[in-house]
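Descriptive structure summary
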Amino acid sequence: MTSPFSAILFDLDGTISDSAPGILESLTYTFRQVGVPVPDHATMMSFVGPPILDTFHIAMGMDDELADRTLAVYREHYFSHGALDSRMFDGIDVVLRTLHQAGLPISTATSKPETPATYILDHYGLVGDIDVITGASDDEVRSSKADVVEEALKRLDARGFDISRPVLVGDRLHDVEGAAVHGVPVVFAEWGYGSPAEAVGTIATAATPLDLLPILLPESDAAGSGAAGSGAAGTSAADLAGRA
């Protein structure tokens, strides 16, 4: 089986994992603990996916001291209470397994720190189909999506994988913009937390995880089961490769 891409990067929150319940609960707890007003639900949902320190600094207007204190409270609560208050999106396990069995190298590219990211993926039995788990560094020095994408590509390259035609699957604007820094095209995960406007600049959209297969691996048997909801319907592998 062939693919228009040589390596696949996956966002985690909103793409592999429906992690919003645990993140929102931990953020609510954290803001109350540090004495910060809890934003409304729509605002809180916008915090799911982007780097957490960016949220504290930019969206919440915190200075460095308060942001660092808030991060410490959030990390402790999320890892002990919120990390597993999530579920994998239906079909994403099939997608990862199918891509892996086809020999396509896979790395995550998540703004979530690698320790909880690994914990979550291991809990749901997905680590065997992912070659490299790449995320924000636990100290948040590497946290921007552009930096995470760069690191994911470096790690895949160091393992001897072909990174000449990578693609990222993600659901938020910061996925699109971060990947673009390195010339990596994006397939937009419509089932995630982003709005349709955030898909501008992507090469394709997928309504459900299974709709990824006709885009990423068009000759697979699983792909034939239907990408009726795919924004790339009618787009050939050659077309996608050219657009990438």
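Residues numbered from 1 in each chain as written. Predicted model: local features only at pLDDT ≥ 70, side-chain atom pairs only at ≥ 80, totals over all residues. Heavy atoms only, no water.

1. Concerning the nonpolar core
Put simply, the rule is: For our purposes a nonpolar core is just a set of buried Ala, Val, Leu, Ile, Met, Phe, Trp, Tyr and Cys residues, chained together by side-chain atoms within 4.5 Å. For every residue, the accessible area obtained with a 1.4 Å probe (protein chains only) is divided by the maximum for its type, and the residue is called buried under 20%, exposed over 50%, and partly exposed between those limits. In DSSP terms, a helix is any run of H or I states spanning at least four residues, a strand is any run of E spanning at least two, and both are numbered starting from the N terminus. By the convention used here, residues are in contact when the closest approach between their heavy atoms is within 4.5 Å.
Residues Ile8, Phe10, Phe56, Leu99, Leu212 and Leu216 are the most contacted members of the largest nonpolar core, which totals 53 residues. Top element by residues in this core is helix α1 (residues 20-34). It accounts for six residues. The residues contacting Phe56, other than those within four sequence positions of it, are Leu27, Phe31, Gly61, Met62, Ala67, Thr70, Leu71 and Tyr74. Ranked by size, the runner-up nonpolar core spans 14 residues in total, among them Leu9, Val149, Ala152 and Ala179.

2. Structural notes on the pattern of salt bridges
What counts here: Throughout this description, the term salt bridge denotes a Lys or Arg side-chain nitrogen within 4 Å of a carboxyl oxygen of Asp or Glu.
By the definition in use, this model includes ten salt bridges. The partner of Asp13 in a salt bridge is Lys112, with the nearest N and O atoms 3.2 Å apart. Of this pair, Asp13 sits in the loop between β1 (7-10) and β2 (17-18) while Lys112 sits in strand β5 (residues 110-113); the two residues are 99 residues apart in sequence, bridging distant segments of the chain. The same class applies to Asp13 and to Lys112, which are both buried. Close ionic contact of Arg172 with Glu198 constitutes a salt bridge, the shortest N to O distance being 2.9 Å. Note that Arg172 is positioned in the loop between β7 (166-170) and α8 (173-180) and Glu198 in the loop between β8 (186-189) and β9 (204-206), a separation of 26 residues in sequence. It is possible to trace a salt-bridge network through shared partners that takes in Glu114, Arg142, Glu151 and Arg155.

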